[in-house]
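# A look at the structure
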Amino acid sequence: MILSGSASQTLAARLADELDESLGATTTKRFPDDELHVTVTEPIDERAIIVASTVSSDAHIELLQLQDAARQAGADEVVTVLPYMGYARQDQTFEPGEIISTRAAARAISTGTDRVLTVTPHEKNVASFFDVPTTVIDGAPRLADPLPAALTDPLFLSTDAAAAPLAESVRDAYGAGDCDHLIDATDGERPAPTEESLAGRDVVVVDDIVGTGSTMSGSVAVVADAEADRIFATCVHPVFATGALSKIARVGAELIYGTDTLERVISDVSVAPAIADAL
Ligand code: R5P
């Protein structure tokens, strides 16, 4: 049975469809002091798969409650799917006294589950913070799906070196093209590609997350200034804070899209098949 967190209802329904499993009935209410209260309203006599992107602190609490409710309802195994794991970017410390928030979140999630699956975490070491077996799923290949069949001399360009494997995943799924990454801007300089020429080419700019849109819009602007032909802007996790979409469109991206790890208007491709394969 699939149980859905409030922020992952579309993906949970798609996963239920992929696996031909039922979507469990749950209710979430809020007390006057703002506390959440989750109920699973039917018995579970099998594995419970909870699909919950922890996109907010409330979503974290809701997930912990869903795990507890699933066990109480009779689940013999609880699997937690984190399509987008919040706090995953706080995976190291820089000052004495700082905590690794990723580890704190992962430990809490581990207490209520037998297994975790997460999609394209910001750093792969995120998996090591969980106390239960954890599978990392590559959400990038599906990002090739919305691209036109005949791109001109395509270049798959990641916004930085760390995201280079994602650009390679999209290129491999597309089946043709070169890969490159932008070199981080230093001292007020703009980011720049390492060596590939961009003029006249169709360029697919790839990142793991778009948050404020600053990184993606800065990257698209560099590509546009280099006289690329068509520019596509894509990411696995479309956080898309207010204004991010127009920030990226303004500098010349003709198609902007992400996956359904987060439910946004531009969540054009689904990671449900990849999650189903990994379960
Ligand atoms: C950074 O390392 C990440 O890969 C993303 O580039 C970053 O999180 C994007 O954030 P924003 O959209 O706020 O620039």
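Look up: the structure comes first, before these words.
Right, let's walk through the structure included here. Note that this is a predicted model, so its numbers are computed, not measured.

### Observations regarding the site of the ligand
- Neighbouring residues of the ligand: Arg 89, His 122, Asp 207, Asp 208, Ile 209, Val 210, Gly 211, Thr 212, Gly 213, Ser 214 and Thr 215.
- One nitrogen or oxygen atom from the side chain of Arg 89 is found 2.7 Å from an oxygen atom belonging to the ligand.
- The side chain of Asp 208 places a nitrogen or oxygen atom 2.6 Å from an oxygen atom of the ligand.
- In the complex, 80% of the free accessible area of the ligand, which totals 380 Å², lies under the protein chains.
- Of all the elements, strand E11 (residues 203-210) adds the most residues to the shell around the ligand, at four residues.

### Considering the environment of Asp 68
- Mapped onto the fold, Asp 68 is located in helix H2 (residues 57-72).
- For the pair Asp 68 and Thr 39, spaced 29 residues apart in sequence, the C-alpha separation works out to 9.7 Å.

### Section: the sheet that holds strand E14 (residues 267-269)
- Across the sheet, which stays open at both edges, the seven strands sit in the order E10-E9-E8-E11-E12-E13-E14 with mixed pairing between neighbours. Whereas interior strands pair on both sides, the edge strands pair on one side only; in this sheet they are strand E10 (192-193) and E14.
- Where strand E8 (residues 155-158) lies against E11, four bridges are found, and the strand directions are parallel. Following the sheet pairing, Phe 156 is matched in E11 by Val 204.
- Sheet strands in contact with helix H4 (residues 164-174) are E8, strand E9 (178-183) and E11, and its direction is about 160 degrees off that of E8.

### Section: a negative patch on the surface
- On the surface, Asp 17, Glu 18, Asp 20 and Asp 277 cluster together into a negatively charged patch.
- Mapped onto the secondary structure, Asp 17 falls in helix H1 (residues 9-19).
- For Asp 17, a relative accessible area of 65% translates into the label exposed.

### Observations concerning the pattern of salt bridges
- The full count for this structure, using the stated rule, is ten salt bridges.
- The partner of Asp 34 in a salt bridge is Arg 30, and the shortest N-O contact between them spans 3.7 Å.
- We classify Arg 30 as partly exposed; its relative accessible area is 42%.
- Put simply, Arg 171 and Asp 172 hold a salt bridge, and the shortest N to O gap is 2.9 Å.
- On the basis of relative accessibility, which here comes to 21%, the residue Arg 171 falls in the partly exposed class.
- Several salt bridges converge on common partners, so that one network encompasses Arg 30, Asp 34 and Asp 58.

### Remarks on the nonpolar core
- If you look at the biggest cluster of nonpolar residues, it comprises 33 residues, and the most contacted ones within it are Val 51, Leu 147, Phe 156, Val 170 and Ile 275.
- Going through the elements one at a time, H1, strand E4 (47-51), strand E5 (77-82), strand E6 (115-119), H4, E11, strand E12 (231-238) and helix H7 (272-278) are the ones with two or more residues in this core.
- Not counting residues within four places of it along the chain, the set of residues in contact with Val 51 comprises Ile 2, Leu 3, Ser 4, Gly 5, Ser 8, Leu 11, Ala 12, Leu 15, Val 81 and Pro 83.
- With 27 residues, the next largest nonpolar core counts Ala 69, Val 78, Ala 88 and Val 126 among its residues.

### Some words on the pairing of strand E2 (residues 26-30)
- Two elements, E2 and strand E3 (residues 36-40), share five bridges in a ladder whose sense is antiparallel. For Lys 29, the partnering residue across the bridge sits in E3 and is His 37.
- Between E2 and E3, which pair antiparallel in sequence order, lie five residues; one of them, Asp 34, sits at a positive phi of approximately 85 degrees.

### Here we look at unusual backbone geometry
- Phi at Asp 34 is positive, roughly 85 degrees, even though this residue is not glycine.
- Within the secondary structure layout, Asp 34 lies in the loop between E2 and E3.
- In the Ramachandran plot, Tyr 87 falls in the positive-phi region, its phi being about 70 degrees despite a non-glycine side chain.
- Relative to the helices and strands, Tyr 87 resides in the loop between E5 and helix H3 (101-110).

### Some details on the pairing of E9
- Examined bridge by bridge, E8 and E9 share four bridges and lie parallel to one another. The partner of Leu 155 across the bridge, within E9, is Asp 178.
- As paired strands, E9 and E10 are joined by two bridges and run antiparallel to one another. What sits directly across from Ile 183, in E10, is Ala 192.

Cut-offs and rules
Residues numbered from 1 in each chain as written. Predicted model: local features only at pLDDT ≥ 70, side-chain atom pairs only at ≥ 80, totals over all residues. Heavy atoms only, no water. Near = heavy atom within 4 Å. Polar contact = N/O pair within 3.5 Å; in protein donor to acceptor, adjacent residues only side chain to side chain. Areas by Shrake-Rupley, 256 points an atom, 1.4 Å probe, with all protein chains shown as cover. Helix = DSSP H or I, 4+ residues; strand = E, 2+ residues; numbered from the N terminus. Pairing = 2+ DSSP bridges. Contact = heavy atoms within 4.5 Å. Axes fitted to C-alpha atoms, helices over the stretch in contact; angles between N-to-C directions. Patch = residues over 30% accessible without salt bridge, like charges linked within 9 Å, V, L, I, M, F, W, Y side chains within 5 Å. Salt bridge = Lys/Arg side-chain N within 4 Å of Asp/Glu carboxyl O. Lys, Arg positive; Asp, Glu negative; His and termini not counted. Charge placed at Lys NZ, Arg CZ, Asp CG, Glu CD. Buried < 20%, exposed > 50% of the residue type's maximum accessible area, 1.4 Å probe, protein only. Core = buried A, V, L, I, M, F, W, Y, C linked by side-chain atoms within 4.5 Å.

On their own, these measurements won't tell you what the molecule is for.
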